[in-house]
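Each chain, letter by letter, is given below.
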Amino acid sequence: MNNSASEALHARPNGSAAAAILSAGIGVLSVAILAIVADQSPTFKNLMVIYKPTGALSGVTTLAVLLWLVTWGLLNWRWRKKIVPLTQVNLAAFVLLGLSVLLTFPPIADLF
Amino acid sequence: MEITTRSLWTLIHGMGFGALYLLACSGAVVEIYRSYYPGDRASENHVTDQLLKVYLVVMAALAWLAVLSGTYIIYPWYRAVAPAGTASLADFPQRLLQSNPETSGWHSVGMEWKEHVAWLVPISITMAAVVVIQYGKDLRHHRALRSALLAFVSVSFLSAGIAGFLGAMLNKNAPVDGGPVIPILHGERR
């Protein structure tokens, strides 16, 4: 029996964990993408000002956290009793995580 | 000896929440790897397992306190706009940095990166804490899941390190200072 088959046999479904991992990847990338959009669009930037002393950062981070939590809830609801291919989920989450670190770096973010 | 309210909050944010989080990171990586490595008996110890869960919850709390205090308490002081005719920019750190070409990069690259990359930390560590609480000892059967946890905690360490380093450099070049003064100790009189 190979490793994955053995793991699947002994373990509880990995769906809940997969939902948490993928949604965290989506959440962190949302921070980077929303920050870039706010930087490029004055209209969106004004929309993101939900606490004036902090400026657009307040809306960008609040919206990213909301997107993360909503995605987490939806994915968990769909996957919680399932065994999902975690290697693919991990790969997607790692790409999102890496992109988010790169896209928050201003010299790269300013390319858009 | 005295300290201003703004300096105190900067200390609480950076040296309190941020530095404690950074110190805790290496411990979390080692413990997640060690406790749930197949064949290792560490996670069979109920106390060890519970301790790791509490440890990660405390880390998540520190991460949230660091970003929320940074974003909603200190950042408004940092980005405050100086009224027209202000002679000294000492109480307006962003404007002070931007007023000199040699320091403006600390704002346009340093603060711009710090204010966003720091938010990767609470999201990553909250996910790790919830997964460890949900799965606990069962993580020994999920190699890919352990890899994901280690990757997210490691990236949160990197992001917190970037934010911490930039915060220290920003505060060195343009300290967030001002507000009511809190006396700490009285020096000797000559």
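It should be noted that the structure appears before, not after, this text.
First, a word on scope: everything that follows refers to the structure included in this document.

### Looking at the interface of chain A and chain B
Here is step 1: Listed as interface residues are 41 residues of chain A and, on the opposing side, 35 residues of chain B.
Here is step 2: Summing both sides of the interface, chain A and chain B together bury roughly 3400 Å²; the carbon and sulfur share of this comes to 75%.
Here is step 3: Looking at the side of chain A facing chain B, the largest losses of area belong to Arg12, Leu57 and Leu97 of chain A, adding up to 16% of the total buried there.
Here is step 4: If you look at where chain A meets chain B, you find zero salt bridges.
Here is step 5: Secondary-structure elements contributing two or more residues to the side of chain A that touches chain B are α1 (3–10), α2 (15–40), α4 (56–79), α5 (86–104) and α6 (106–109) of chain A.
Here is step 6: Per-element tally for the side of chain A that touches chain B: the top contributor is α2 of chain A, with 11 residues.
Here is step 7: Partitioning the side of chain A that touches chain B into residue classes produces 23 nonpolar, 15 polar and three charged.

### Quick word on the layout of surface pockets
The probe, sized like a water molecule, is rolled over the atoms to show the empty space still left.
Here is step 1: Roughly 760 Å³ of volume is contained in the largest pocket.
Here is step 2: Its residues assigned to classes, the lining of the largest pocket comprises 24 nonpolar, 11 polar and two charged.
Here is step 3: Size it by volume and the second largest pocket reaches roughly 570 Å³.
Here is step 4: The wall of the second largest pocket is formed by 29 residues, among which Asp39 and Lys45 of chain A together with Glu112, Glu115 and His116 of chain B lie closest to the centre.
Here is step 5: No other element matches the six residues that α2 of chain A contributes to the lining of the second largest pocket.
Here is step 6: Of the residues in the lining of the second largest pocket, the class split is 13 nonpolar, nine polar and seven charged.

### Regarding the nonpolar core
Here is step 1: Grouped together as the largest cluster of nonpolar side chains are 75 residues, with contacts concentrated most on Tyr21, Leu56, Ile125 and Val131 of chain B.
Here is step 2: Of all the elements in the fold, those that place two or more residues in this core are α2, α4 and α5 of chain A together with α1 (5–35), α2 (46–78), α4 (104–117), α5 (120–135) and α6 (143–173) of chain B.
Here is step 3: If one sorts the elements of this core by residue count, α2 of chain A sits on top with 15 residues.
Here is step 4: Other than its neighbours up to four places away in sequence, Leu56 of chain B contacts Ala28, Ile32, Ile125, Ala128, Ala129 and Val132 of chain B.
Here is step 5: Within the second largest apolar cluster, nine residues are counted, among which are Ile74, Leu97, Met111 and Val176 of chain B.

Calculation criteria
- Residues numbered from 1 in each chain as written.
- Chains lettered and ligands numbered in written order.
- Predicted model: local features only at pLDDT ≥ 70, side-chain atom pairs only at ≥ 80, totals over all residues.
- Heavy atoms only, no water.
- Contact = heavy atoms within 4.5 Å.
- Buried area = accessible area lost by both parts, 1.4 Å probe.
- Salt bridge = Lys/Arg side-chain N within 4 Å of Asp/Glu carboxyl O.
- Helix = DSSP H or I, 4+ residues; strand = E, 2+ residues; numbered from the N terminus.
- Nonpolar A, V, L, I, M, F, W, Y, C, P; charged D, E, K, R; others polar.
- 1 Å grid on protein atoms, 1.4 Å probe; cavity = no way out; pocket = protein on both sides within 12 Å on 5 of 7 lines; lining within 4 Å.
- Points joined across faces, edges and corners; volume = space filled by probe spheres on them.
- Core = buried A, V, L, I, M, F, W, Y, C linked by side-chain atoms within 4.5 Å.
- Buried < 20%, exposed > 50% of the residue type's maximum accessible area, 1.4 Å probe, protein only.

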